[in-house]
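Remarks on the overall topology
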Amino acid sequence: MTIPAPTIGLAIRRLLVAAGQAPSMLNTQPWRFQVHDGQVIDLLADWDRWLPVSDPRGRSLHVSCGAALYNLRIAARAAGRRPAVRLLPDLEHAPEVLARVDLTVRERATAEAWRLYALIRERRTSRVPFDERPLAPRAMADLRTAASAERARLLFLDQRSAADLLDYAAIAQDRLAGDAAYLAELAAWSTGDGVPAYVHGPQASGDADPIRDFGHRTGRARFEPHPRLAVLTTAGDEPIDWLRAGQALQRVLLVAAAHSLSASFLNQPLDLRDMRHRTDPRHRRGHPQMIIRLGHGPAVPRAPRRPVTELLA
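The structure presented is a predicted model; accordingly, all values stated were derived computationally and were not measured. Counting of residues starts from 1 at the beginning of each chain's written sequence and follows it residue by residue. Only residues with pLDDT of at least 70 get local features here, since the model is predicted, and only at 80 or more are side-chain atom pairs given and counted; chain-wide, interface and lining totals rely on the full set of residues. By convention in this description, side-chain values take in all heavy atoms of the structure and omit both hydrogens and water.

So, on to the packing of helix 3 (residues 111–119) against helix 8 (residues 239–258). When two helices pack together, their arrangement is given by the angle between their axes and by how far apart the axes lie. Here the axes come from fitting lines to C-alpha atoms, over the contacting stretch only for helices, and the angles between their N-to-C directions go from 0 to 180 degrees. Under the DSSP-based scheme used, a helix requires at least four consecutive residues in state H or I and a strand at least two consecutive residues in state E, with every element numbered from the N terminus. The interhelical angle for the contact between helix 3 and helix 8, taken along N-to-C directions, is 90 degrees, at an axis separation of 9 Å. Taken together, the axes of helix 3 and helix 8 are roughly perpendicular relative to one another. Each of Arg115, Leu116 and Leu119 in helix 3 lies in contact with helix 8, whose residues at this interface are Leu254, Val255, Ala257 and Ala258. Only Asp, Glu, Lys and Arg are considered charged in this grouping, and only Ala, Val, Leu, Ile, Met, Phe, Trp, Tyr, Cys and Pro are considered nonpolar; every other residue, Gly among them, is considered polar. In terms of residue class, the contact of helix 3 with helix 8 is made up of six nonpolar, no polar and one charged. Any angle that falls under 35 degrees is termed roughly parallel, while one over 145 is termed roughly antiparallel, one within 65 to 115 roughly perpendicular, and all others oblique. Residue contacts are counted whenever heavy atoms from the two residues lie within 4.5 Å of one another.

At aspartate 37, a residue that is not glycine, the phi angle is positive and equals roughly 55 degrees. Summarising the element assignment, aspartate 37 is placed in the loop between strand 1 (31–36) and strand 2 (40–45). If you check the backbone angles, histidine 277 has positive phi at about 55 degrees while not being a glycine. Positionally, histidine 277 belongs in the loop between helix 9 (268–275) and strand 10 (287–295).

Relative to the helices and strands, glutamate 132 is located in the loop between helix 3 and helix 4 (137–149). Considering only alpha carbons, one finds glutamate 132 and histidine 226, 94 residues apart in sequence, at a separation of 7.8 Å. Not counting the four nearest positions on each side in its chain, glutamate 132 is found in contact with Arg222, Glu224 and Pro225.

A word on helix 5 (residues 159–177). Between its first and last C-alpha atoms helix 5 spans 27 Å; for 19 residues at 1.5 Å apiece the expected length is 27 Å, and the two agree. What helix 5 keeps buried is the set Ala162, Leu165, Leu166, Ala169, Ala172 and Leu176. Down the axis of helix 5, the buried side of the element spans an arc of 130 degrees, and every buried residue falls inside it. Looking at helix 5, the residues exposed on the side facing more than 90 degrees away from the buried face are Arg160, Tyr168 and Asp174. In this scheme, a helix's expected span is set at 1.5 Å multiplied by one less than its residue total. Here the term buried applies to any residue with accessible area under 20% of the maximum for its type, exposed to any over 50%, and partly exposed to those in between, with areas from a 1.4 Å probe on protein chains only. Note: the arc covers the axis-to-C-beta directions of the helix.

Let us look at the side chain of serine 64. Mapped onto the elements, serine 64 comes out in helix 2 (residues 59–78). What makes serine 64 buried here is its relative accessible area of 5%. What serine 64 contacts, discounting residues up to four positions off in sequence, is Ala22, Pro23, Ser24, Met25, Pro30 and Trp31.

Moving on, we get to the pairing of strand 2. In terms of burial, strand 2 is largely enclosed, as six of its six residues are buried. Burial along strand 2 is two-sided: Val40, Asp42 and Leu44 and Ile41, Leu43 and Ala45, pointing in opposite directions, are all buried. Here, any two strands with at least 2 DSSP bridges between them count as paired. Relative to strand 2, strand 1 is paired through six bridges, and the arrangement is antiparallel. Residue pairing across strands places histidine 36 opposite valine 40, the latter belonging to strand 2. Once strand 1 ends, the chain turns through three residues before running back antiparallel as strand 2, passing aspartate 37 with a positive phi of about 55 degrees.

Taken together, four strands build an open sheet; the order of strands is 1-2-4-3 and the sheet is antiparallel. In the strand order of this sheet, the two ends are held by strand 1 and strand 3 (84–87), each with one partner. With direction set aside, neighbouring strand axes in the sheet form an average angle of 20 degrees. Most of the contacts of helix 1 (residues 10–19) go to strand 1, to which it runs at about 160 degrees, and overall it touches strand 1 and strand 2.

Shape is all these values report; function is a separate question.
Okay, here's the thing in structure tokens:
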């Protein structure tokens, strides 16, 4: 039996609120949920919030939904439930169901679950300049461990590789800026002042652009000249791998928040690759799914979120 919205209990509502705090491309929040008998939650793709131009394969949508799934899992653990997760449980008859989470089994909440759950509301995506302090070796080790725990890899780039990747990102951004359909889709998901929703607010730094402005002063702040970049990879490049990438991404971001690190994404090369319907050849380190910039940055406001009533299918 599927439970209608008015009868969703407070405990389940808290889980869905946590899930809805996940990051997503252009802050589209492309997820919905169905609750069955108060014990099972289905995570559904909200295809009305899909970006067909910039995400023709649905890769970014799956990554975003995977991040929401991780939040749901850690919130459940903090609430004393052991989430049993099945990815893509019924592709033939219900392809829109990306994951099924059974919360029947109870267990004692751990301090680690509570710590990560508390960080869900602290995590932010920030495009403002970071300072030049290096990442602590302990933080980098913890971030790698977080990714591997979700069957992904986090590869930190050295300065030369990061510079090369920034060049690729700048080239990709220039080409995207010349694509009328891409710009129209971007505008459709932007706020009224023309600033994309995912950078709206003080974190937008006026017309600051991290790719363009690294090493340059923007307003009162100066972008770091040598950003610390990491690439999140998975062994495969199919929907189930994208869901795993999203879970790994969110776990990495929460651990980064625990180390007082800020993060943003430089995925233009991956978006351009997807738009051209290309796939990367199999690499021994996996398929790139996210390009992440990490560093020490100021606090920024939280992006707007959909209410729980809007998340229920």
